[in-house]
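Next come the chains, spelled out residue by residue.
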Amino acid sequence: MNGETAQVFAEEQSINWESLKSRCIGRLDLVQKALSRFQEHLVGDLEALEIAAESRNCEEIARIAHRIKGTSLTVSADRLAEFAMDLEQKAEKHEDAMDDSLSEIREECCRLSEAIEQQIAKEI
Amino acid sequence: MISHDHDVAQAPILLVDDDPACLGMLSDVLNALGMPVVTARDGNEALEMICQGDIRIVLSDWQMPGMSGVELCRRVRQRTLSSYVYFILLTSLDRKHNLISGLRAGADDFVNKPFDPEELQTRLRTANRIVSLESRNVIIFALAKLAESRDPETGAHLERMREYSRLLAEDLSNQPKYADIVDADYVRTIYLTSPLHDIGKVGIPDHVLLKPGKLTPEEFEIMKQHTLIGFHTLDAAVREQPQAAYLRFARDIAVSHHEKYNGSGYPHGLKGEDIPLCGRIVAVADVYDALTTARVYKEAFSHEKAREIIREGSGSHFDPDIVDAFFRHEQEIIEINERLNDSLVYADASKMTPEMNFPLGSIPTANGV
Ligand SMILES: [Fe+2]
Ligand SMILES: [Fe+2]
């Protein structure tokens with residue numbers, strides 16, 4: 001991907017590839033490793049989040065959302081990080097409108113999986 | 001400019017983060033940049049690694065369940081005996097971290113999360129430069145060797161002494177009675193400072209210090225002064241730098257390593273546990289080494305003969321607990337004695353004591369030990 005197209009698509013992309021690549025000092029093998037590690041942990045975190053949401057356990061929701069935010073930021077999944085931060089803040093304030101954030105997170109995670117799989121397929 | 005980055009070996013960096021994805025990525029990237037890293041998943045694990053190993057640079061997440069990064073930093077700063085640990089805290093942009101509380105806990109630097117590799121590398125280089133400025137360990141040993149250079153008890157006495165002392169202290173750290181006093185820092189510090197025990201001998205005149213054979217009572221009185229000369233020298237250093245606990249440790253060893261458990265030693269005739277523990281440990285190490293080493297005026301005793309003298313001295317000359325420690329590690333003591341044998345460690349030892357015959361053969365240098 002060249003810099004120009006990255007600029008154009010940055011708004012719509014789930015992952016800011018340029019920033020992820022530079023964090024991995026340009027090494028694609030490290031990008032791959034980071035992404036598969038990210039995906040692996042995201043699956044578990046999402047499951048835990050659903051369980052916590054069902055039981056309306058705000059403390060647990062905030063904790064998991066915080067973790068998702070941190071993990072997302074490392075791989076420059078900035079949009080997911082934003083949604084997760086939103087949820088974290090709502091859960092901390094015990095707000096009711098958490099469902100919206102939750103579905104945003106679910107949708108974004110689907111987009112992310114796709115993007116990551118495409119990217120991995122491309123590199124291999 | 002004396003020091004370039006390339007001249008300074010990179011000390012291993014301890015990464016602490018509860019988030020395995022962040023931890024993994026950080027560790028991959030730093031490894032790729034040629035920096036050796038070790039990792040811990042929480043504060044307790046990290047603290048354990050810092051205490052056991054020789055970690056000089058820590059990069060820790062701020063917010064972690066259980067012990068936070070700030071608390072970890074505070075605990076690291078409470079260790080008064082150890083070398084300086086450079087501590088960097090990772091901060092997230094959305095949290096208003098109270099940087100003052102981080103600074104108060106003793107943090108040296110802050111790095112934002114998610115990290116920028118170039119910035120991180122630069123900051124870690126700074127960290128490495130700062131910890132490598134601390135040359136106290138090698139200076140202490142050089143000082144001890146300098147003092148010893150006037151002394152006929154040359155050879156690898158200091159090298160063996162510190163090994164015996166470490167071994168005995170390590171054993172005590174596993175005994176319930178001493179577990180609270182003797183920790184990993186204590187063991188490292190006795191290894192570091194025991195070579196200074198006879199530093200006061202620089203103040204003993206040649207006709208006494210270098211006299212081959214038995215000293216007259218008057219000469220012996222002069223010889224005893226080495227404990228007090230050592231004390232005053234190191235005590236001046238302590239007053240200069242009161243926060244340096246290892247200097248106090250060295251001073252206590254210098255003044256108390258000739259005290260005897262039953263109170264018949266010198267210079268103060270202290271008894272039992274009034275003698276600092278470090279002095280009681282070094283006493284056993286020092287005597288055993290003196291017994292098993294040849295002098296101009298005497299042959300080396302065999303291990304068997306030396307061990308009997310140590311055993312007989314239990315409770316009178318030596319602290320029985322330390323004699324027990326000695327016998328729990330007899331085999332290792334014999335090994336140290338053989339491995340750091342004077343004739344092997346010092347190529348020119350035969351020139352210092354011409355009466356003795358040393359076996360020929362390939363001779364490694366002291367540095368290689
Ligand atoms: Fe001495
Ligand atoms: Fe000695």
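Here is what the cut-offs are and how they apply
- Sequence positions are assigned chain by chain, starting from 1 and proceeding in written order.
- Chain letters start at A and ligand numbers start at 1, both assigned in the order the entries are written.
- Thresholds applied to this predicted model are a pLDDT of at least 70 for local features of residues and 80 or more for the giving and counting of side-chain atom pairs; totals over whole chains, interfaces and linings are not thresholded and use all residues.
- Computation of side-chain values: all heavy atoms of the structure, hydrogens and water removed.
- Should any heavy atoms of two residues lie within 4.5 Å, those residues are counted as being in contact.
- Take the accessible area each of two parts loses on contact, using a 1.4 Å probe, and add the two losses: that sum is the buried area.
- By definition here, a salt bridge exists when the distance from a side-chain nitrogen of Lys or Arg to a carboxyl oxygen of Asp or Glu is within 4 Å.
- Under the rule applied, a polar contact is a pair of N or O atoms within 3.5 Å (in protein, one hydrogen donor and one hydrogen acceptor; residues adjacent in sequence only if both atoms are side-chain atoms).
- Secondary structure elements are taken from DSSP: a helix is a run of H or I of four residues or more, a strand is a run of E of two residues or more, and numbering for both begins at the N terminus.
- Three exposure classes are used, based on accessible area relative to the maximum for each residue type with a 1.4 Å probe and protein chains only: buried under 20%, partly exposed in between, and exposed over 50%.
- Taken from the helix axis, the directions to the C-beta atoms give the arc we talk about.
- Nitrogen, oxygen and sulfur within 2.8 Å of a metal are treated as its donors, or within 3.2 Å for sodium, potassium and calcium (Na, K, Ca); water is not counted, so a site can appear incomplete.
- Under this scheme a four-donor centre is tetrahedral when all angles range from 85 to 135 degrees, a four-donor centre is square planar and a six-donor centre octahedral when opposite donors are above 155 degrees with the rest from 65 to 115, and any other centre is irregular.
- Two rings belonging to Phe, Tyr or Trp (six-membered ring only in the last case) form a pair when the distance between their centres is within 6.5 Å. Interplanar angles under 30 degrees mark stacking, angles over 60 mark edge-to-face geometry, and anything in between is tilted.
- Only Lys NZ and Arg CZ are tested; either one counts as a charge over a ring when it is within 6 Å of the ring centre and within 35 degrees of the ring normal.
- Here the bounds of each domain stem from an automatic or database domain assignment.
- Only Asp, Glu, Lys and Arg are considered charged, only Ala, Val, Leu, Ile, Met, Phe, Trp, Tyr, Cys and Pro nonpolar, and every remaining residue, Gly among them, polar.

Before going further, it helps to examine the interface of chain A and chain B. Interfaces are frequently sized by the accessible area removed from exposure as the parts join. The interface is formed by 21 residues belonging to chain A together with 16 residues belonging to chain B. Each partner contributes to the roughly 1,600 Å² buried at the junction of chain A and chain B, and carbon and sulfur atoms together form 66% of this total. Counting across the interface, chain A meets chain B through two salt bridges. Measuring nitrogen to oxygen at the nearest pair gives 2.6 Å for the salt bridge that ties Arg 37 of chain A to Asp 28 of chain B. Viewed at the interface, chain B and chain A are joined by five residue pairs in polar contact (both at pLDDT 80 or more). Only α2 (17-23), α3 (28-54), α4 (58-74) and α5 (78-92) of chain A provide two or more residues apiece to the side of chain A that touches chain B.

Attention now goes to the environment of Ala 245 of chain B. Residues and elements named next belong to chain B. Locating Ala 245 in the fold gives a position in helix α11 (residues 245-256). The spatial distance from the C-alpha of Ala 245 to the C-alpha of Ser 82 is 8.6 Å, given a sequence separation of 163 residues. Discounting chain neighbours no more than four positions away, the residues touching Ala 245 are Thr 80 and Leu 81.

Residues and elements named next belong to chain B. Residues of helix α3 (residues 69-78) that are buried include every one of Gly 69, Val 70, Leu 72, Cys 73 and Val 76, and no others. Projected down its long axis, α3 shows its buried positions confined to an angular sector of 160 degrees, all on one face. Of the surrounding elements, those touching the buried residues of α3 are β1 (13-16), α2 (43-52), β3 (57-61), β4 (86-92) and α4 (99-105).

Glancing now at the coordination of the iron ion (ligand 2). Residues and elements named next belong to chain B. Every protein donor of the iron ion (ligand 2) is listed here as His 157 (NE2), His 197 (NE2), Asp 198 (OD) and Asp 286 (OD), and their distances to the metal cover 2.2 to 2.7 Å. In this structure, the iron ion (ligand 2) is coordinated by four donor atoms arranged in irregular fashion, with angles at the metal of 81 to 145 degrees. Between the donor residues of the iron ion (ligand 2), the gaps in sequence give the motif H-x39-H-D-x87-D. Between the iron ion (ligand 2) and the iron ion (ligand 1), the interatomic distance is 4.7 Å, and Asp 198 donates to each metal, bridging them. Residue His 157 is found in helix α7 (residues 157-173), and its partner Asp 198 is found in the loop between α8 (184-193) and α9 (206-209); the two are separated by 41 residues along the sequence. Residue His 157 shares its accessibility class with Asp 198, and that shared class is buried.

Here the focus is the packing of aromatic side chains. All names here are of chain B. Applying the stated criterion to the full structure yields six aromatic pairs over all chains. Summarising the aromatic geometry, the rings of Tyr 164 and Tyr 288 are spaced 5.3 Å apart at their centres and angled 85 degrees between planes, so their arrangement reads as edge-to-face. Of the two residues, Tyr 164 sits in helix α7 while Tyr 288 sits in helix α12 (residues 277-291), which places them 124 residues apart along the sequence. For the pair Tyr 164 and Tyr 288, one class covers both residues: buried. Where Phe 326 meets Phe 327, the ring centres are 5.1 Å apart and the plane angle is 75 degrees; that geometry is what we call edge-to-face. By the burial criterion, Phe 326 is buried, and Phe 327 matches it. Of note, Arg 162 hangs over the ring of Phe 141, and the distance from its end group to the ring centre comes to 4.1 Å. Note that Arg 166 overlies the ring of Tyr 191, its terminal NZ or CZ placed 3.9 Å from the centroid.

Attention now goes to the domain arrangement of chain B. All names here are of chain B. Taken as a whole, chain B is organised into domain 1 (13-133) and domain 2 (136-351). Taken together, the contact between domain 1 and domain 2 spans 10 residues of the former and 10 residues of the latter. Interface area for domain 1 against domain 2, summed over the two sides, is near 740 Å², with a carbon-plus-sulfur share of 44%. It is Thr 80, Leu 81 and Ser 83 in domain 1 that bury the most area against domain 2; as a group they hold 61% of the surface buried on that side. If you look at where domain 1 meets domain 2, you find one salt bridge. Its salt-bridge partner being Arg 79, residue Asp 185 comes within 2.9 Å of it at the nearest N-O pair. In the side of domain 1 that touches domain 2, the residues fall into three nonpolar, five polar and two charged.

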